[in-house]
Every structure is written in C-alpha cells, then in structure tokens.
Amino acid sequence: MKGIVRKTSRVSNWLTKVNIHWLVNLNLLFTLVRRDLEARYKGSVLGNLWPLLNQLSQLLIYTYVFSIILKVKLDLKGLPADSKLTFGLWLFAGLIPWLAFTSGLTQASGSVITQPNLVKKLVFPLSLLPLVPILSTFIESTFGLIALIVMFYISSGAINQTLFLLPLVVIPQLLLTTGLGYFTAGLTVFLRDIPQTLGVIINLWFYVTPIVYPASVIPENWRIWVFWFNPLTAIAEVYRDLVLVGEIKHWGELGISALISLLIFYFGWWVYQKLRPAFADVL
C-alpha cells in the first residue's frame, strides 16, 4: 500500500512539474510574441496597421490585373457576378492565409541564426524561436480577416454563421506553417542557402495554388493533385467557403490537408529536435 502511495505521489509531482514547465514556456512565448509585434513597427505612425495595408495593396494589384485587365468573373452566393468587388473579396479571402503562411515561414527559417545569444543560453527553450514570428504574422493576419468580414457585410448585408468554424482551417494552417518553420529553421543553421531557396520555392508554390485564379480553370486531370497534395489549396478554399459562401464545400480536401499538415508538423519538429544540440556549436 505504501509503495502505491509513493508511486502515486511521484507521478503527481512529475505532472505538476510538467504543467509548471509548460505554463512558464507559454508565458514566455506570449511575452516574446508581444515584444516582436511591438518591435516590428516601433516608431512608425501606423504601427501594426502596416500588415493590413500591405495585404490591401496586393489585393488592389491582383484585382486590377485579373478582374479589370483579364476580366475574370466569379459567381458567389449573395454577391453580383459582374462586380469587381466580388472578385476582390474572393481574392482577399485566399490571400489572407497565403500571406500569413509565407511571411511566417520566411521569418521562422532565420529565427535561430538571428538569435545566437539566446541559442547559447542553456536555460532558454529553443523550441520557441520559430514559433514567435509564426504567431506574430498570424495575429497580424487577423486584421485582414476582420477587414474581409466587414467588407463582405457591407457588400452583402449579411455575416455567415460558418465563421464560427474558422478554427477548423486555422489549426491545419498553423500546423503546416510551424512544421515547415521548424524544419527550415533547423536546416538554416547548417545550410545558409535555405532562406534563398525557400524564396524560390514559395514563388513557384504561389502559382500552383489557386489564389489569384479559380480552381475551376485547372484541368480536370490535374485538379485532384492540386487539391489533395497541396494543403494550402484546401486551406484557401475553405477560408472562402466559411467567410464568403457560408458552407464548406471541401470537407474531404480539408481532412487530407489537416492530415498532411499534422505529418509535416511532426516531421519538422523531429528534425528540429535532432539538430538542436548542435546549434550552439555552429553559431
């Protein structure tokens, strides 16, 4: 009986230490993210509104090229098909997760090599470094999401109840970004060409993802590959479903995207943990 009590006490103490450890790391992460957001636009007049302005500028450029020059038209429920604003809202809904993904991944890839002082501190949890820019850019992207919801309400006079399902697409988005962020951050310590290579890959990735063009224009025999093996395709389409359409039309694709994102997250985390002990020696 005494042995059982002792074992129970040890397990309880271990769980308490684990909980305290996670709470400390979580509090530190929040502090680092807040400082990162404050430092990004410190001294500027508009502050953290700059990410929204950057998103809107890209929205105007792509809307002009595809809607006015190429005359691409879309039919969305509750919005006129011949309106330039309809295409702009559709485009903006796809750009929000894409820009959050690319910006967070790009900054995460260099998060370790830019913080050599923290890397050499034995007590600092290095697993937080790639998370800081990813969470910061995700928070910034919420400004764009709020603006999209407001513009949709102004143009249609309604707000879709499916907005409450946004966590279903946000979680795979964060898993995908974090997994690739860990992977590239770990490799960049040893291969400094990774950020440049990543820039090339992202440019190619953008045009094989239906962000600025509808998925319906993709040839039938290629469409399944774009949807099922490019997780960002499903993520962008479900963003549009939830905010603009009011129903999810891509449940299957979202499920596959979530599975791929989870596997990428696990693989990226595993690689990062394997490489982490050598970070201080290289830097």
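For the structure, see preceding data.
Let me begin by describing the structure that accompanies this report. Every chain is numbered independently, its residues counted from 1 as its sequence is written. Totals for whole chains, interfaces and linings use all residues, but because this is a predicted model, local features are given only for residues with pLDDT of at least 70 and pairs of side-chain atoms are given and counted only at 80 or more. Values shown for side chains rest on all heavy atoms present in the structure; no hydrogens or waters enter the calculation.

## Comments concerning the nonpolar core
No. 1: Core analysis: the biggest nonpolar cluster contains 48 residues, and L91, W98, F101, L145, L148, V169 and L244 have the highest contact counts within it.
No. 2: Only DSSP runs of H or I reaching four residues or more are called helices, and only runs of E reaching two or more are called strands; each is numbered from the N terminus. If you list the elements that add at least two residues to this core, you get α2 (50-69), α3 (84-109), α5 (131-156), α6 (167-190), α7 (194-207), α8 (220-228) and α9 (231-245).
No. 3: Residue contributions to this core peak at twelve residues, all from α3.
No. 4: In this analysis, two residues are considered to be in contact whenever any of their non-hydrogen atoms come within 4.5 Å of each other. Excluding residues within four positions of it along the chain, L91 makes contact with L59, Y62, T63, I211, V212 and R240.
No. 5: We call a set of buried Ala, Val, Leu, Ile, Met, Phe, Trp, Tyr and Cys residues a nonpolar core when their side-chain atoms join them within 4.5 Å. The classification of residues rests on relative accessible area computed with a 1.4 Å probe and restricted to protein chains. Under 20% of the type maximum is buried, over 50% is exposed, and intermediate values are partly exposed. Listed in part, the 17 residues of the second largest apolar core include L37, Y182, A185 and F279.

## Describing the side chain of E237
No. 1: By the element assignment, E237 lies in helix α9.
No. 2: Dropping the residues within four chain positions of it, E237 is found in contact with P210, A215, F227 and H250.

## As for the packing of aromatic side chains
No. 1: Aromatic pairing here means that ring centres of Phe, Tyr or Trp (its six-membered ring) are within 6.5 Å. Orientation follows from the plane angle: under 30 degrees is stacked, over 60 is edge-to-face, and everything else is tilted. One pass over the structure, following the stated rule, counts twelve aromatic pairs.
No. 2: Between F183 and F267, the aromatic rings sit 5.6 Å apart at their centres with planes inclined by 35°, giving tilted as the arrangement. Placement of F183 in helix α6 and of F267 in helix α10 (residues 251-275) is noted, with a sequence separation of 84 residues between them.
No. 3: Assessed through its relative accessible area of 27%, F183 is described here as partly exposed.
No. 4: With 6.3 Å between their ring centres and 45° between their planes, F190 and F279 make a pair best called tilted. With a gap of 89 residues between them, F190 in helix α6 and F279 in helix α11 (residues 279-282) connect regions that are remote in the sequence.

## Some thoughts on the environment of L198
No. 1: The topology assignment puts L198 in helix α7.
No. 2: The spacing of L198 and S109 is 89 residues in sequence and 8.6 Å in space, taken between C-alpha atoms.
No. 3: Once residues within four sequence positions are removed from consideration, L198 is found in contact with L105, T106, S109 and T184.

## Let's talk about the environment of F143
No. 1: In this fold, F143 is placed in helix α5.
No. 2: Separated by 94 residues in sequence, F143 and L49 have C-alpha atoms that sit 7.8 Å apart.

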